[in-house]
Amino acid sequence: MFFVKKADYDSSNIVTKLDEFFSEQNEVTSVVRESIQNVIDASDKKHDGAAKVIFSFREIPWDEFSEFTHTDDGRSMNDHWSSPSLKNHSKDYSNRAVRALIIEDYNTTGLSGSFDKDEENSASNLVNFWWNSGHGNKGTGTLGNAGVGKITFTAASAMRTMWAVSKRLDERNDPKVLIGYTDLPYHHVDAQSYLGYARYGVEEELPTGQKALNPVVDEQAINEFERAFQLQRDEPGLSIVIPSGSAEFTQQAIIEAVLEHYFWAIINKKLTVEVTA
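Residues numbered from 1 in each chain as written. Predicted model: local features only at pLDDT ≥ 70, side-chain atom pairs only at ≥ 80, totals over all residues. Heavy atoms only, no water.

J.: So what exactly am I meant to see when it comes to the overall build of the protein here?
T.: When you go through the protein residue by residue, the secondary structure sums to seven helices and 11 strands. Looking at the 277 residues of the protein, the share that counts as buried comes to 49%. Considering only contacts within the protein whose residues lie at least 6 apart along the sequence, 70% involve residues at least 24 apart. (Helix = DSSP H or I, 4+ residues; strand = E, 2+ residues; numbered from the N terminus. Buried < 20%, exposed > 50% of the residue type's maximum accessible area, 1.4 Å probe, protein only. Contact = heavy atoms within 4.5 Å.)

J.: I keep staring at the packing of aromatic side chains and nothing clicks. Help me out?
T.: Where two aromatic rings form a pair, the distance of their centres and the angle of their planes describe that pair. Counted under the stated rule, the structure contains 16 aromatic pairs. Aromatic side chains F129 and F153 sit 6.5 Å apart centroid to centroid with 45° between the ring planes, which places their arrangement in the tilted category. Of the two residues, F129 is situated in helix α4 (residues 125-130) and F153 in helix α5 (residues 149-155); the sequence distance between them amounts to 24 residues. Feature note: the residues F2, W62, F65, F68, W81, Y93, W163, Y200, F225 and F229 constitute an aromatic cluster, connected by ring pairs. Its guanidinium or amino end placed over the ring of W131, K117 lies 5.0 Å from that ring's centre, counting from NZ or CZ. The ring of Y106 has R233 lying over it, and the distance from NZ or CZ to the ring centre is 4.5 Å. (Phe/Tyr/Trp six-rings, centres within 6.5 Å; stacked < 30°, edge-to-face > 60°. Lys NZ or Arg CZ within 6 Å of the ring centre and 35° of its normal.)

J.: Just checking my understanding: could you explain helix α7 (residues 251-267) for this structure?
T.: Residue pairs spaced three or four apart in an α-helix point in one direction, given the helix's 3.6 residues per turn. For α7, which comprises 17 residues, the first-to-last C-alpha distance of 20 Å sits more than 12% below the rise-based estimate of 24 Å (1.5 Å per residue). The largest bend in α7 amounts to roughly 70° and is located at H261. All of the buried residues in α7 are I254, A257, V258, Y262 and A265. Against α1 (27-41), β2 (51-60), β3 (98-106) and β11 (271-275) lie the buried residues of α7. Downstream of α7 by a residue or two, K269 has a phi angle that is positive, lying close to 60°. (Expected span 1.5 Å × (residues − 1). Bend = angle between axes of the 7 residues up to and from the residue.)

J.: What should I look at first to understand the nonpolar core in this one?
T.: The biggest cluster of nonpolar side chains holds 37 residues, and the ones touching the most others in it are F55, L101, I103, I240 and I254. Excluding anything up to four places from it in sequence, I103 contacts V31, S35, V53, I54, F55, F153, L238, S239, I240 and I242. With 29 residues, the next largest nonpolar core counts F65, F68, A228 and V241 among its residues. (Core = buried A, V, L, I, M, F, W, Y, C linked by side-chain atoms within 4.5 Å.)

Quick look at the structure:
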């Protein structure tokens, strides 16, 4: 479920800048560049084949989609998406199919690393992707934008939401995971104010007695999500789900962005890309 953050008495009322996020380039280009560069950065160097990315679209019936919108405060994310305080970003998605953009990569390592976001100088790719904003562990020579991947993906969603399933290379020590993230502005639902962001995971108690929010690792829960979104994550890598993307996301637009920015990587056999309707 999603764990939402209620505002405290000293929380700031942050004005949304969602409309300005893609001011320098269109959202299709942003998503293509971020997702493919992450794939190149996370390519499995021990694998002989090129890194592979598949872009595809799914129509998910609301009754199946809504199973993954529950929140820890007993509501649904749709209660947040439809909040009148979001003004022109407010929308009720109930009882209608949701079109989702699916981005899946192969011949990569997946989201490697520990779950511990409080580990000092953590090199965990999972922590960087799920928890960090504006910084990350990408070093010199990598071209991806550190710590902004999930923000790019949520900004491309009218729901400001994304999920990710990752089968990690070292599966014995790193189990398969399901995570999610929502990045709404500050808003209100039934007189309760919320900071806007939420993470999809499970709350667990640590040996110290403290609570931690961790990725979903339960095999049945992940299988149910994969079945609903028609994912096949049997090999190491990452599957990203962006629900309710704009009409700009078409097969042709994605192909054009891929060829504009990754033509040479494809020609040099470092990358294979498939785009299906």
